[in-house]
Each structure stands twice: as C-alpha cells, then as structure tokens.
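# Coordinates in review
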Amino acid sequence: MKGFAMLEVGKVGWIEKDKPVCGPLDAIVKPIALAPCTSDVHTVWEGAVGERHDMILGHECCGEVVEVGELVKDFKPGDRVLVPAITPDWNSLEAQGGYSMHSGGMLAGWKFSNFKDGVFGEYFHVNDPDGNIALLPKEIEPEEACMLSDMVPTGFHGAELADVQFGDEVLVIGIGPVGLMSVAGANLRGASRIFAVGSRPVCVEAAKFYGATDFVNYKNGPIAKQVLEMTGGAGVDKVIIAGGTVDTFAEAVECLKPGGKIGNVNYLGSGDNVKIPRVEWGVGMGHKQIQGGLMPGGRLRMEKLAKLVVCGKLDLSKLITHRFEGFEHVEDALFLMKDKPVDLIKPVVRVNK
Ligand code: NDP
Ligand code: ZN
C-alpha cells in the first residue's frame, strides 16, 4: 500500500509498505478524511519524537473499518468510525492509575506516527478498537470528524487541566486550532471573560465565534502586561497554554490570581527549563498550580465529544479553512501546516467516499 511518510528527520515522501496485519484484538481501517497536525510538523522538521525512518505520518482522521480481529466485539467491516489521535492500552497499569495517555511509558498512548505507522496510508492499524474508536454519527461530515481526533480533545483537555469553573476569567494563550478548542471548551464549562492570545485575524475571528470576549496580540508587547491592564491589575483565574515557548509560563504565572491554575497542552520544543518567576509565583507560596498534559484518548471521550457536535453545541466548521480532494493532496496539506499561511487554521483532505 501507499503512504506519506517521514523518511528521516527533515525529509518526507511517498513510500510503499505492506498492508498492516490485524491481530485478534485489532482493527484495520482505511481513512475517509485526513488532517495534518502541528505535531506532524514538529515530528518531521524538529525531530520531536526522535529519529524515525520511513514512518507513515498522521494521527487525525476518520475512517472505515475493513477488518477486525476475532476478539473485537463492537465493530465490524463497513463501520464508519471516529479515530482518536491517542489510542491507549486500556488494561495497562498507567491507564488503571488514570493516565491512559502514558500507557506503556511517558506519552506512549500516542502510537500513530510515533511508535507505529500513522493514518496517512491507504490502511492503518488500530489497537483495541473496542476501547479506542467510536461510530461516526451520520450527522457529522467526515472533514469535521477529523477535528475530533485531536483538536477538540486536546483543546478541551487544556480546559480540564486548568480546571475551568463557572464564571472564571480565562486566558487562552495561542489560538491555532488547539487553542480555539480550548476557548470553546472553556466557554462550554462556563467561563465568563475569555481572553484570547494570537495575532492572525482569521484565528481572532474564529476565537470570537467560539466565545472569546477579549483579545491580546502577543506581538504588541508582553502578554502579562496587556492582560493585567485589561483586568485592572487583578489577573485571571485560569490560563490555558496552547502556543508559545518555555518563556510563556512566566507570562502565564504573572497573569494568574493567587490560587489560579495553568493547563498546558502546548508542545515545548526547545529550552532546558520552563520559566516560573519566583515573586509572581508567590515566592513559592502563591497556590498557583501548573499542569501539562497529553490528551487522554479513547472511545468514551470520542463518543461524548461527538454528541456535542450532533446536538449543535459545538460547530467544527470554523476550524477548517482549506479543503482538498484526493489522497495525493496529503502532501500539500502537510506543507500548508508547516508554512502556516496567514489565512490557515486547519486543512483537511477527503480521501475516500
Ligand atoms: P498553531 O501553530 O496553529 O497555533 C499556535 C498559536 O500560538 C497561534 O495562535 C499563534 O499565534 C500563537 N503563538 C505563537 N507564538 C506565540 C508566542 N510567543 N506567544 C503567544 N502565542 C503565540 O498550533 P496548534 O493550535 O495546531 O497546536 C498548538 C500546540 O499544541 C502545538 O505545540 C502542538 O504541537 C500542540 N499539541 C498538543 C497536543 C496534546 O495532546 N497535548 C496534541 C496536538 C497538538 P499567531 O499564529 O496568530 O501569530
Ligand atoms: Zn494532532
């Protein structure tokens, strides 16, 4: 079969591989629609997961089941399914401890295009489909379904990590597709003011649509200075980080009220240390909590998030700015994601009916 792969760090291309083999507890799925992710860009061009050779990329898609192992109960060939980016081993000790995303080791619940071939192939392998995939509701179009693989669960996980509560004033740093879903997640959890940090007008417009009330352009000066001015010096209750660098934590801690919480879902690609400013952290006694996490993955989360779309509480159409038809355009879509033109939020490729 054909797949679009990372050949080595810094290099991508089309390759031929054997179709994946279906074990008793596995499924083989062919993609219906695919989306590249900023994480694919980090994987290839920043070597984020280390060196990989001829590894098929991609972890965002929806698909059609073509084969299931004899121990799979709930899915059969022909089922159209949602596929999460993170597919944990649900009987691992880590999952039993509540950290499914780290099943088998740090971040090891993330298997596609990390420990095995990803979804940018004619077929791909899913471990434990009963625990990891969900039926694609007919009300959700396949392109939008791709947003449920990673953008929605990751953005929402940021809101969970920051523990957003009714009436909280929330700062969302970074409003690419992940941060936009953090805005939407914070809004659904009952935030009052939502401050959105970004610079591109297309993202600012989308943030407004998803519930942001105030806007901060990080290119106009320090985020903390701007947010403190906008809140009369008080700061915010919660911060979700979905963009920026190791230095962004200093800004986030500065913006936070005592007792506030930071949820980070941003990938930190460089720098040895995360910066926490001593005085603004209450000289060690400010009760300002920081949590960073990979989204949990799995079937239940997929099913619940899909219900938000089906019942009209979450409109994913605003995330998709570029649409392609045909498998060969996976390459164009990935390069769009790499180059981030000013009008891009998320590209999607329809590959099968
Ligand atoms: P994008 O690159 O599309 O968006 C990044 C956002 O951050 C943009 O709004 C950008 O603003 C803003 N930004 C850039 N630099 C700064 C800065 N110095 N200070 C403040 N804001 C800044 O990324 P995605 O939304 O696709 O992904 C966000 C992050 O989440 C990535 O690091 C990605 O790897 C990670 N990720 C994490 C996952 C997880 O499970 N934890 C899963 C998937 C992704 P603008 O462009 O408007 O100038
Ligand atoms: Zn992704």
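Residues numbered from 1 in each chain as written. Chains lettered and ligands numbered in written order. Predicted model: local features only at pLDDT ≥ 70, side-chain atom pairs only at ≥ 80, totals over all residues. Heavy atoms only, no water.

## Details of the overall build of the protein chain
- Each helix and strand in the protein chain was counted, giving 11 helices and 16 strands.
- Relative to its length of 353 residues, the protein chain is compact, with a C-alpha radius of gyration of 20 Å against a globular reference of 20 Å.
- On the principal axes, the C-alpha backbone points of the protein chain span a range of 60 × 40 × 40 Å.
- The 353 residues of the protein chain split such that 56% are buried. (Helix = DSSP H or I, 4+ residues; strand = E, 2+ residues; numbered from the N terminus. Rg over C-alpha atoms; globule rule 2.2 N^0.38 Å. Buried < 20%, exposed > 50% of the residue type's maximum accessible area, 1.4 Å probe, protein only.)

## Considering the site of ligand 1
- Near ligand 1 there are 26 residues, and of these T38, I175, S199, Y218 and N266 occur at the shortest range.
- In the model, an oxygen atom of ligand 1 is placed 3.2 Å from a nitrogen or oxygen of the H42 side chain.
- Between a nitrogen atom of ligand 1 and a main-chain N or O atom of G293, the distance comes to 3.2 Å.
- Relative to its unbound accessible surface of 940 Å², ligand 1 loses 85% to contact with the protein.
- Secondary structure elements with two or more residues in the shell around ligand 1: α1 (38-45) and α6 (177-188).
- No other element matches the three residues that α1 contributes to the shell around ligand 1.
- Grouping the amino acids of the shell around ligand 1 by side-chain chemistry returns 11 nonpolar, 12 polar and three charged.
- When residues are assigned to domains, the shell around ligand 1 turns out to be shared by domain 1 (2-150 + 295-350) and domain 2 (156-292), each giving three or more. (Near = heavy atom within 4 Å. Polar contact = N/O pair within 3.5 Å; in protein donor to acceptor, adjacent residues only side chain to side chain. Areas by Shrake-Rupley, 256 points an atom, 1.4 Å probe, with all protein chains shown as cover. Nonpolar A, V, L, I, M, F, W, Y, C, P; charged D, E, K, R; others polar. Domains from an automatic or database assignment.)

## Here's the deal with the coordination of the zinc ion (ligand 2)
- The protein atoms donating to the zinc ion (ligand 2) are C37 (SG), H59 (NE2), E60 (OE) and D150 (OD), with metal-donor distances spanning 1.9 to 2.2 Å.
- For the zinc ion (ligand 2), the four donor atoms are set out with angles of 93 to 125 degrees between them, so the coordination reads as tetrahedral.
- Donor residues for the zinc ion (ligand 2) sit on one chain with the sequence pattern C-x21-H-E-x89-D.
- Of the residues examined, H59 reaches a relative accessible area of 1% and is grouped as buried. (Donors = N, O, S within 2.8 Å, 3.2 Å for Na, K, Ca; no water. Tetrahedral: all angles 85-135°; square planar, octahedral: opposite > 155°, others 65-115°.)

## As for the packing of aromatic side chains
- With the rule as written, the count across this model stands at five aromatic pairs.
- Centre to centre, the rings of W45 and F335 are 5.4 Å apart; their planes meet at 65 degrees, and the pair counts as edge-to-face. Note that W45 is positioned in helix α1 and F335 in helix α11 (residues 330-339), a separation of 290 residues in sequence.
- Seen in terms of ring centroids, F112 and F124 are 5.6 Å apart; in terms of plane orientation they differ by 90 degrees. Their pairing is edge-to-face. In this pair, F112 is assigned in the loop between α2 (93-96) and β7 (124-127) and F124 in strand β7, connecting sequence segments 12 residues apart. Of the two residues examined, F112 and F124, each falls in the buried class.
- Taken together, F4, W14 and F327 form an aromatic cluster joined through their ring pairs.
- The positively charged end of K208 is found above the aromatic ring belonging to F215, 5.6 Å away from the centroid.
- Looking at K318, its charged tip hangs above the ring of F209, at a distance of 4.4 Å from the centre. (Phe/Tyr/Trp six-rings, centres within 6.5 Å; stacked < 30°, edge-to-face > 60°. Lys NZ or Arg CZ within 6 Å of the ring centre and 35° of its normal.)

## A closer look at the domain arrangement of the protein chain
- Considered domain by domain, the protein chain is made up of domain 1 (2-150 + 295-350) and domain 2 (156-292).
- Each of domain 1 and domain 2 was reduced to a C-alpha centroid, and the two centroids are 27 Å apart.
- Listed by partner, the interface residues are 24 residues for domain 1 and 16 residues for domain 2.
- For the pairing of domain 1 and domain 2, the buried interface totals around 1600 Å² over both sides, and the portion due to carbon and sulfur atoms is 73%.
- Taking the shortest distance from any N to any O, the salt bridge between E160 and R301 comes out at 3.0 Å.
- Taken together, the connections running from domain 1 to domain 2 amount to four residue pairs in polar contact (both at pLDDT 80 or more).
- At three residues, the largest contribution of residues to the side of domain 1 that touches domain 2 is made by helix α10 (residues 299-310).
- Residues that form the side of domain 1 that touches domain 2 fall into these classes: 13 nonpolar, three polar and eight charged. (Contact = heavy atoms within 4.5 Å. Buried area = accessible area lost by both parts, 1.4 Å probe. Salt bridge = Lys/Arg side-chain N within 4 Å of Asp/Glu carboxyl O.)

## Examining the sheet that holds strand β2 (residues 11-16)
- Reading across from one edge, β2-β1-β4 is the order of the three strands in this open sheet, with antiparallel pairing throughout. Edge positions in the open sheet fall to β2 and β4 (55-56), since each of these has one partner strand only.
- Strands in contact with α1 are β1 (2-8), β2 and β4; relative to β2, the strand with the most contacts, it is inclined by about 100 degrees.
- Together, β1 and β2 form the strand contacts of α11, whose direction differs from that of β2 by roughly 160 degrees. (Pairing = 2+ DSSP bridges. Axes fitted to C-alpha atoms, helices over the stretch in contact; angles between N-to-C directions.)

## Brief notes about the sheet that holds strand β9 (residues 170-173)
- The six strands are arranged β11-β10-β9-β12-β13-β14 in an open sheet whose pairing can be described as parallel. Both edges of this open sheet fall to β11 (214-216) and β14 (289-292), since each of them pairs with a single strand only. The average undirected angle you get between the axes of adjacent strands in this sheet is 15 degrees.
- The pairing of β9 with strand β10 (residues 194-197) spans four bridges and is classified as parallel.

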